[in-house]
Structure formats: structure tokens, C-alpha cells
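Next come the chains, spelled out residue by residue.
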Amino acid sequence: MLSFRFVMPLDLGAKGSCQIGGNVATNAGGLRLIRYGSLHGNVLGLEVVLANGDVLDMLGTLRKDNTGYDLKHLFIGSEGSLGIITKVSILTPPKLSSVNIAFLACQDYLSCQKLLLEAKRSLGEILSAFEFMDSVAMDVVLNNLDGVRNPLAPTAHNFYVLIETTGTEESYDKEKLEKFLVGSMESGLISDGVLAQDINQASAFWRLREGVPESLQRAGAVYKYDLSLPVEKMYDLVVEMRARLGESVKVVGYGHLGDGNLHLNISAPKYDDAILAQIEPFVYEWTSNHRGSISAEHGVGLMKANKIFYSKSPEAVRYTGKIINPC
């Protein structure tokens, strides 16, 4: 009898507490979207309970089915506004045996962008994560989380990048990654870096990146924004926000560089209406002017419901309303 191991195509920092139904309802993105794509491509079927109690059975497992509208996509990302997801059939890829993780330093954001392009070219099918965090994010993590340390030499680095590859041939994958790292070092894209030698070191690297939200919560008040922007424009917003807010707060930039998702967080000693007035609506206007999304993966919810016009046209919002309430 054949035995296979599989993995969820979705991996989140909140994986220890979130639930799959909620993930699907918010169309959660996560750390490995660059490899496995969004839930729209991985969810095969749903069962949904509607507001009137009707059970909508769309729980298929077929990769192809062109018989009419694919209604499940209306519920993926609908945040419960159309019904409650009670069952999910989801495509789970095989668990691969070869995993390599590199933690790297770059001197500027342009180098991070170029490194991403080179990683896609050189690593291709084995690239499974490309995460970034700025030096402010790193400082917040080191100062607020226990048991973490910077694995690189104690030199001032402006940006950090975590690259993960996943494949089937350990020697081939590692050789491919090492060749990419040497080339990137020689070309000046990387100023320093280290390759995880075991699972403990790999977990420590991920802890630095995944620990940013927790460390910000411990540091004090935090204003959080989950934005989708063209990669070349992502960090411009962080720079402009720092100039706008001054030194009374810490403006932190990190996120999923591989899919253009910026987590812009502003850390302050306490919540202050004056600070919020400086942030909003500026952050939404800036994102809209650069044709971005004000919610890349966290949904709209109640807090951003009236902000949807920054990302969607009035016509799109009107038709959305007709779907929710056709009367």
C-alpha cells in the first residue's frame, strides 16, 4: 500500500490558532503564495450554509468542471457575508523532502527587488517563499522577543530577506541555491547571508520573520495595514510615512515581497487620535493612487467596510451589494 504525506498549500503566522473555514472566508494568503498560489486556485469545493438555512453543496473534488458558474469563488473571500463555510475540499500538494532556507542581508530596497527577480529566474520551480523585513522590524523583534538573535554579523544592515526552497533532491536543490547565493553575493545584491544547517536553525530564521507581529504587540500600541502594491513601489510608502510621522513613532515595513504584499505597521507608546489622523486617510489614498489594494490578505471586515472604494470602483461595489442583497 502506497503511503503519501501532504501539506496545506496555505501557511500563516497564525497557523496555530486560525481555522480553515475562516482562512477560506477571508481568502488568506500567507507565506507560500509565491509557490502554491491563492485559495481560489487550491479550493476544489465547498459546503456553505446560507442565511435562510439552506445548505449549498458545492463539495466537489474535480480540478475541471465547466458546467455553469463556479459559485464557490463567490464565497472564497466573502468574509461570511453570503454564508457560513462548513466543509472544504482542498488541493494538498505532496510534502517534499528537501527544504533549504537562507537568511540574507541587503543594503537597499532596490537590491531586494533585483534579488527577487534573480531568485525567480535562478531557483524557478523550487522557490517557495521570499519574505522581507527592514532593519526597524528586526530591531523590534530583537528587543521584544525572548530567545531570538540576528544570525548575521553585527553590522548595520538595512533589509533582511528570507528565501525558502522546497524540492525533491537535496543535493541538487542545495547546489542550485548555493550557486544563486554566490552569484548574488558577487554581484553585490547580498551584503551578508547564512544558509540554515539544520531544522533548528531554519526554525530560528522563520521565528525572526514570523515574530514581527508579536513583537510589535509587546512594544506598545500598533496601527496595522495590510496592503498590496506593485513591488517597485512598496517601500516608497514606508519612506513617506516615516517622513510624515517623524521620530515619535516607529514605522515598520515587512511582508511577502514575492507577491507584493506589504505589512505596514506603525508602533507608538500608546494609541493617539493625532497619530491616527496623520496615518488615515493618507495611507489609503496613497495606496489607491498607486492602484494597490487596501487589504491584500486580511479582508475588509467592519473596520474597512467604508474604505472599500479606495480599491474598488463604485460600479464594482454596487454589483457586490446586489449579490449580497438582490432585493
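Our structure's up above, just so we're on the same page.
This one's a predicted model, so the numbers in the text were calculated from it and none came from an experiment. (Residues numbered from 1 in each chain as written. Predicted model: local features only at pLDDT ≥ 70, side-chain atom pairs only at ≥ 80, totals over all residues. Heavy atoms only, no water.)

Undergrad: It is not clear to me how the overall build of the chain should be interpreted in this structure. Could you clarify?
TA: When its secondary structure is counted, the chain shows 13 helices and 10 strands. The C-alpha atoms of the chain give 21 Å as radius of gyration, which agrees with the globular expectation for 327 residues (20 Å, within 12%). In terms of principal-axis extent, the alpha carbons of the chain reach across some 65 × 60 × 35 Å. Residues counted as buried form 43% of the 327 residues belonging to the chain. (Helix = DSSP H or I, 4+ residues; strand = E, 2+ residues; numbered from the N terminus. Rg over C-alpha atoms; globule rule 2.2 N^0.38 Å. Buried < 20%, exposed > 50% of the residue type's maximum accessible area, 1.4 Å probe, protein only.)

Undergrad: When you look at the pattern of salt bridges in this model, what are you seeing that I'm missing?
TA: Charged atoms that come close allow side chains of opposite charge to pair. Summed over the entire model, instances satisfying the criterion amount to 10 salt bridges. A salt bridge links Glu118 to Arg121, with the shortest nitrogen-to-oxygen separation between them at 3.6 Å. A residue pair is termed a helical-turn pair when its members lie 3 or 4 positions apart in one helix, as Glu118 and Arg121 do in helix H5 (residues 109–123) at 3 residues. Accessibility expressed as a relative area gives 29% for Glu118, which makes it partly exposed. (Salt bridge = Lys/Arg side-chain N within 4 Å of Asp/Glu carboxyl O.)

Undergrad: Please clarify how the nonpolar core should be interpreted in this entry.
TA: In summary, soluble globular proteins display a tendency toward joint burial of nonpolar side chains. Membership of the largest hydrophobic core comes to 46 residues, with the highest contact counts inside it found for Leu115, Leu264 and Ile266. Apart from the residues within four sequence positions on either side, Leu115 is in contact with Leu104, Cys106, Phe130, Val161, Ile163, Phe180, Ser184, Leu189 and Ile190. (Core = buried A, V, L, I, M, F, W, Y, C linked by side-chain atoms within 4.5 Å. Contact = heavy atoms within 4.5 Å.)

Undergrad: Explain the sheet that holds strand E5 (residues 127–134) to me, please; I cannot follow it from the model alone.
TA: Sheets are built from strands that pair by backbone hydrogen bonding, the pairs being arranged parallel or antiparallel. The strand order across the open sheet formed by 7 strands is E7-E4-E6-E5-E9-E10-E8, and the pairing between neighbours is antiparallel. Looking at which strands have only one partner, the edges of the open sheet turn out to be strand E7 (192–195) and strand E8 (221–228). The mean angle between the axes of side-by-side strands here comes to 15°, regardless of whether they run parallel or antiparallel. Note: E5 against strand E6 (residues 159–167), 7 bridges, orientation antiparallel. The partner of Ala129 across the bridge, within E6, is Glu164. On the sheet, helix H7 (residues 170–186) packs against strand E4 (98–106), E6 and E7 and is oriented at approximately 10° with respect to E4. (Pairing = 2+ DSSP bridges. Axes fitted to C-alpha atoms, helices over the stretch in contact; angles between N-to-C directions.)

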